[in-house]
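Structural features, examined
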Amino acid sequence: MKFLEKIVDKLEPNFEKGGKYEKWYPLFDGFATFLFTPKHTTKKGVHIRDAVDLKRTMNTVITAMIPCLLFGIWNTGYQHYSALGLTEEFGFLDQVFFGALKVLPVVIVSYVVGLGVEFGFCIAKGHPIEEGFLVSGMLIPLIVPADTPLWMVAVATIFSVVFVKEVFGGTGMNILNPALTARAFLFFAYPKQLSGDKAWVNTELPEGYSYAENGKYVLNEIGQRVGEVDAIAGATQLSRFKASVDVMKNTKDELGEAVGAAAQSFEAGVVKLSEKFDLWEAFVGIVPGSIGETSVIAILIGAGLLLHTGVGSLKIMLSGIFGAVFMTIIFNTAGVNPYMTVGPLEHLFAGGFMFGLVFMATDPVSAAQTEVGKVIYGFFIGLFCIMIRVFNPAYPEGMMLAILFMNVMAPLIDHYVIQGNIKQRLNRLKLNTANH
Amino acid sequence: MSTKKESLFSKKNMKLIKDPLNDSNPISIQVLGICSALAITIMLENAFVMSMSVLFVLIMANVVVSLIRNMIPDKIRIIVQLVIVATLVITVDQILKAYVYEVSKQLSVFVGLIITNCIIMGRLEAFALGNKPGPAFLDAIGNSFGYTWILLVVGFLREVFGSGSIWGFKFIPDSWIISFDPLTGGTDGFYEHNGLMLLSPIALFLVAGVIWVQRAKNRKLIEEN
């Protein structure tokens, strides 16, 4: 630490006014304050002093995401080999290695591109570097499939940093969550890479291996049959739901016989849905999905850290879960198509619901600010998420759209909460003065 | 009243052409006619045909309204303008259907909607009703070219990134496009067209980009609030 401090102190004169690299001061300042608590003191007025500044807050969130990242790395490798039926040949270390090879480049690209754009803007405008991208840079890799081409990640990152953040005035001014905007951009711009059953699991054969019998089996170097390809492994659980609903629409069961009565097909659909969903697997996270979103356990560890340090809002998380459960129960009661019969736990564990709720809905900038507002905001995120999933299975990831939508609504919610408060106080004042 | 006859190409009149191209551009500064800019800029060709239609309608309407401006009763002037514009638009629609049928099919309802294009009504109300045919003609040219260049820029970007072609000419070979390879289980190719570019909302972002560049270059345009 002393060593680093010396380097920083030695370099500083070069970047100060009149120094050689005066123009690059924001860059230097950004790194120096990342390493050490800044030495600047406030010059005017009274301020509350706290060691936890913006950079420290951001670091807490990043730490909270590390379990998800590590689990995601392993799961990427595991899904890859298990889809090919090669988990016996390639053990834990191979899986982690494969996952790291896929995931780490995405993380690096997201950070380099995002910070590059941000530094560029800061130097152009001459204001100090804002550290807002530290969290977004980690969130973006966690919410895309591991196989997303790197240049797509770069394009989406540039789009979201420029159009959601810099245009509105940089860190703390963004109206939407930048990471989710990047994902929404990817989702609409490159739908083939972000949805469907080819997107989630890499099925590229290892060196020397080949497919046999129309891709049903995998042969090793000497032509031995080693693995059986898992036909449905590629789809996420949300898209499996959709697939089984599609099957229902065709009103044919698996044997190819036409199922005449609608009631019969409905029953079959419900059975099929429950067959295709393993609650325990979804909870642990051994399912295909975006890199960091699959494991509810890892997310809960992160949530614990966020709540313990007070960075994340418990109100938003709880009301979000409540909203989702509320909507699910309504749908379950109605239950007109198989999709509506999916239970609350299944909905909570499937897809990006938990991840979005813990790490993105609680983003202090784009969420509602008032305490009552937070409850309303969280509730509607949960509600809309389930609604989008059920009513439009073509957009399986309802969480993304629900959070973005509520991001836009957050200022409105705050406005009415504050107006309501003012009204209440005015009434109280009137009552008080009337009594005297 | 001045008796000196003003030349058609005097400095003041040339300003009528130049201003709408940049400092008072109908789309990026006055934010008029946005709907058509969003709807028909998927391909460069569509954007061009649309721009030319607007050019024709705006010039004719501006000149005609300016010619009869002293005869139009004030109370029914909007109706009179609408009749003139509608006549012109129907003419354009028929011509497009006769000569560029494919494009006119893609432009569909938006040719008809030129009638409601705010730029046209705006110019008629703000300029043609109070000026002679000569300046009105120049004003129409300026404004429609201001409209045209933005449409062409947006159309160019959307076509290049959305379909990988320029004016219908594909320059990105199909072998570049990412596709699933059943032999290895991996993927071939590395490129993918941007599907967002085919959706209308992206035009808003592109127009916003144009506005951004314009204001960064000319700081006078930035409003104080």
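So, a few notes on the structure that sits alongside this text. (Residues numbered from 1 in each chain as written. Chains lettered and ligands numbered in written order. Predicted model: local features only at pLDDT ≥ 70, side-chain atom pairs only at ≥ 80, totals over all residues. Heavy atoms only, no water.)

**Some details on the overall build of chain B**
Of the regular secondary structure elements, chain B holds 9 helices and 4 strands. Starting at the N terminus and walking to the C terminus, you meet the elements of chain B as α-α-α-α-α-α-α-α-β-β-β-β-α. Within the span of chain B, comprising 225 residues, buried residues form 44% of the whole. For chain B, the accessible surface area stands at approximately 12200 Å², while carbon and sulfur atoms represent 68% of it. (Helix = DSSP H or I, 4+ residues; strand = E, 2+ residues; numbered from the N terminus. Buried < 20%, exposed > 50% of the residue type's maximum accessible area, 1.4 Å probe, protein only. Areas by Shrake-Rupley, 256 points an atom, 1.4 Å probe, with all protein chains shown as cover.)

**Observations regarding helix α9 (residues 201–217) of chain B**
Helix length check: α9 of chain B (17 residues) gives 25 Å between terminal C-alpha atoms against 24 Å at 1.5 Å per residue, within 8%. The set of residues buried in α9 of chain B consists of I202, A203, L206, V207, G209, V210, Q214 and R215 of chain B. (Expected span 1.5 Å × (residues − 1).)

**Brief notes about the nonpolar core**
Residues and elements named next belong to chain A. Residues M65, F355, F359, M360 and Y377 are the most contacted members of the largest nonpolar core, which totals 142 residues. Taken domain by domain, the makeup of this core includes at least three residues from each of domain 1 (8–39 + 52–194) and domain 2 (237–242 + 277–286 + 312–422). Once residues within four sequence positions are removed from consideration, M65 is found in contact with V135, M138, L139, L142 and F359. Listed in part, the 9 residues of the second largest apolar core include F90, F98, Y211 and V218. (Core = buried A, V, L, I, M, F, W, Y, C linked by side-chain atoms within 4.5 Å. Domains from an automatic or database assignment. Contact = heavy atoms within 4.5 Å.)

**Description of a nonpolar patch on the surface**
Among the surface-exposed residues, F48, F156, I166, W167, F169 and F171 of chain B lie close enough to one another that they form a single nonpolar patch of about 580 Å² accessible area. Among the secondary structure elements, F169 of chain B is positioned in strand β2 (residues 169–170). (Patch = residues over 30% accessible without salt bridge, like charges linked within 9 Å, V, L, I, M, F, W, Y side chains within 5 Å. Salt bridge = Lys/Arg side-chain N within 4 Å of Asp/Glu carboxyl O.)

**Digging into the interface of chain B and chain A**
Counting residues at the interface gives 19 residues for chain B and 19 residues for chain A. Between chain B and chain A the total buried area reaches about 1500 Å² when both faces are included, carbon and sulfur atoms providing 68% of it. Counting the contacts that link chain B with chain A gives 1 salt bridge. K192 of chain A is the salt-bridge partner of E192 of chain B, the closest N and O atoms lying 3.6 Å from each other. Taken together, chain B and chain A are joined by 4 residue pairs in polar contact (both at pLDDT 80 or more). With 3 residues, the top contributor of residues to the side of chain B that touches chain A is α9 of chain B. Of the residues assigned to the side of chain B that touches chain A, the class counts are 12 nonpolar, 6 polar and 1 charged. (Buried area = accessible area lost by both parts, 1.4 Å probe. Polar contact = N/O pair within 3.5 Å; in protein donor to acceptor, adjacent residues only side chain to side chain. Nonpolar A, V, L, I, M, F, W, Y, C, P; charged D, E, K, R; others polar.)

**Examining the layout of surface pockets**
Unfilled space is identified by rolling a water-sized probe across the atoms. Roughly 620 Å³ of volume is contained in the second largest pocket. Lining the second largest pocket we find 24 residues, and of these F159, F163, L176 and T181 of chain A together with F205 of chain B sit closest to its centre. Taken together, the residues of the lining of the second largest pocket break down into 23 nonpolar, 1 polar and no charged. Here the lining of the second largest pocket gathers at least three residues from each of two domains, domain 1 (8–39 + 52–194) and domain 2 (237–242 + 277–286 + 312–422) of chain A. (1 Å grid on protein atoms, 1.4 Å probe; cavity = no way out; pocket = protein on both sides within 12 Å on 5 of 7 lines; lining within 4 Å. Points joined across faces, edges and corners; volume = space filled by probe spheres on them.)

**With respect to the pattern of salt bridges**
Close approach of charged atoms allows side chains of opposite charge to pair. Taken as a whole and judged by the stated rule, the model has 10 salt bridges over all chains. One salt bridge in this structure joins K15 of chain B and D19 of chain B, with 3.4 Å as the shortest N-O distance. Taken together, the residues span about one helical turn, with K15 of chain B and D19 of chain B both in helix α1 (residues 11–21) at a distance of 4 residues. Taking relative accessible area as the criterion, K15 of chain B reaches 49% and is therefore assigned partly exposed. The salt bridge partner of R123 of chain B is D139 of chain B, with a shortest N-O separation of 3.0 Å. Of this pair, R123 of chain B sits in helix α7 (residues 118–126) while D139 of chain B sits in helix α8 (residues 133–163), and the two are 16 residues apart along the sequence. Residue R123 of chain B is classed as buried on the basis of its relative accessible area, which comes to 15%. Among the residues examined, D139 of chain B registers a relative accessible area of 2% and is labelled buried. Each of K315, E371 and K374 of chain A takes part in one network of salt bridges that share partners.

**Let's talk about the packing of helix α5 (residues 133–142) of chain A against helix α7 (residues 178–189) of chain A**
Relative placement of two packed helices is described by the angle separating their axes and the distance separating the axes. Residues and elements named next belong to chain A. At a closest axis distance of 8 Å, the pairing of α5 and α7 adopts a crossing angle of 35°. Every pair of crossing elements has a handedness; the one defined by α5 and α7 is right-handed. Between α5 and α7, the contacting residues are S136, L139 and I140 on the first element and P178, A179 and A182 on the second. When the residues that make up the contact of α5 with α7 are grouped by side-chain class, the tally is 5 nonpolar, 1 polar and no charged. (Axes fitted to C-alpha atoms, helices over the stretch in contact; angles between N-to-C directions. Left-handed = near helix turned anticlockwise from the far one by under 90°.)

**Regarding the packing of aromatic side chains**
Residue and element names in this part refer to chain A. By the definition in use, this model includes 26 aromatic pairs over all chains. Ring geometry for F384 against F405: centres 5.3 Å apart, planes inclined by 85°, an arrangement best described as edge-to-face. Of this pair, F384 sits in helix α16 (residues 371–391) while F405 sits in helix α17 (residues 398–435); the two residues are 21 residues apart in sequence, bridging distant segments of the chain. Taken together through their ring pairs, the aromatic side chains of F322, F326, F379, F380, F384 and F405 make up a single cluster. (Phe/Tyr/Trp six-rings, centres within 6.5 Å; stacked < 30°, edge-to-face > 60°.)

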